[in-house]
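# Structural overview
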Amino acid sequence: MSERCLRFRSSKFPACEDREETINPNRWGRRLAEHLAAEIDVQKLWVCCGNADGEDDGFVCSVAPRFSARGLFRKQARADAAARVLETIQEILAADPDVHDICLEEE
């Protein structure tokens, strides 16, 4: 299964003031993550989001299922759920006038 991600541009999610002390330097996405968490429930999934390399207003979001040894039989169901959540994120971002140049990519 290939990995899918959304790339987009927005000045709506600037870096937090304390990012240098709390996370990796030159990486941010907490405001974007908080915005998405307020909109969707993503239990049993990893939602990864952050700024694109070298871009102040470029972002990348991907969704991956959380797997455990007991959950191997549910692997496809969780992968399907991850795809649906990514589509929901795309809809949320597309409805926001401060977000533009949304592109779904497969890697």
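Refer to the structure printed above.
Note that the coordinates shown come from a computational prediction; the quantities given were computed from them, not determined experimentally. (Residues numbered from 1 in each chain as written. Predicted model: local features only at pLDDT ≥ 70, side-chain atom pairs only at ≥ 80, totals over all residues. Heavy atoms only, no water.)

### Some details on the pairing of strand 2 (residues 45–51)
The pairing of strand 2 with strand 3 (residues 58–65) spans seven bridges and is classified as antiparallel. Within the sheet, the bridge partner assigned to Trp46 lies in strand 3 and is Ala64. (Pairing = 2+ DSSP bridges. Helix = DSSP H or I, 4+ residues; strand = E, 2+ residues; numbered from the N terminus.)

### Quick word on the pairing of strand 3
By the criterion of burial, strand 3 is predominantly enclosed, with six of the eight residues buried. Between strand 2 and strand 3, which follow one another and run antiparallel, lie six residues, and Gly54 among them has a positive phi close to 70 degrees. (Buried < 20%, exposed > 50% of the residue type's maximum accessible area, 1.4 Å probe, protein only.)

### Re the pattern of salt bridges
With the rule as written, the count across this model stands at five salt bridges. We note a salt bridge from Glu105 to Arg7, for which the minimum N-O separation is 2.8 Å. Here Glu105, found in strand 4 (residues 99–106), pairs with Arg7, found in strand 1 (residues 4–10); they are 98 residues apart in sequence, far enough to count as distant. On the basis of relative accessible area, Glu105 is assigned to the partly exposed category, the value being 24%. One salt bridge in this structure joins Glu34 and Arg30, with 3.9 Å as the shortest N-O distance. Pair noted here: Glu34 and Arg30 are both in helix 2 (residues 30–39), with a separation of four residues, about one helical turn. (Salt bridge = Lys/Arg side-chain N within 4 Å of Asp/Glu carboxyl O.)

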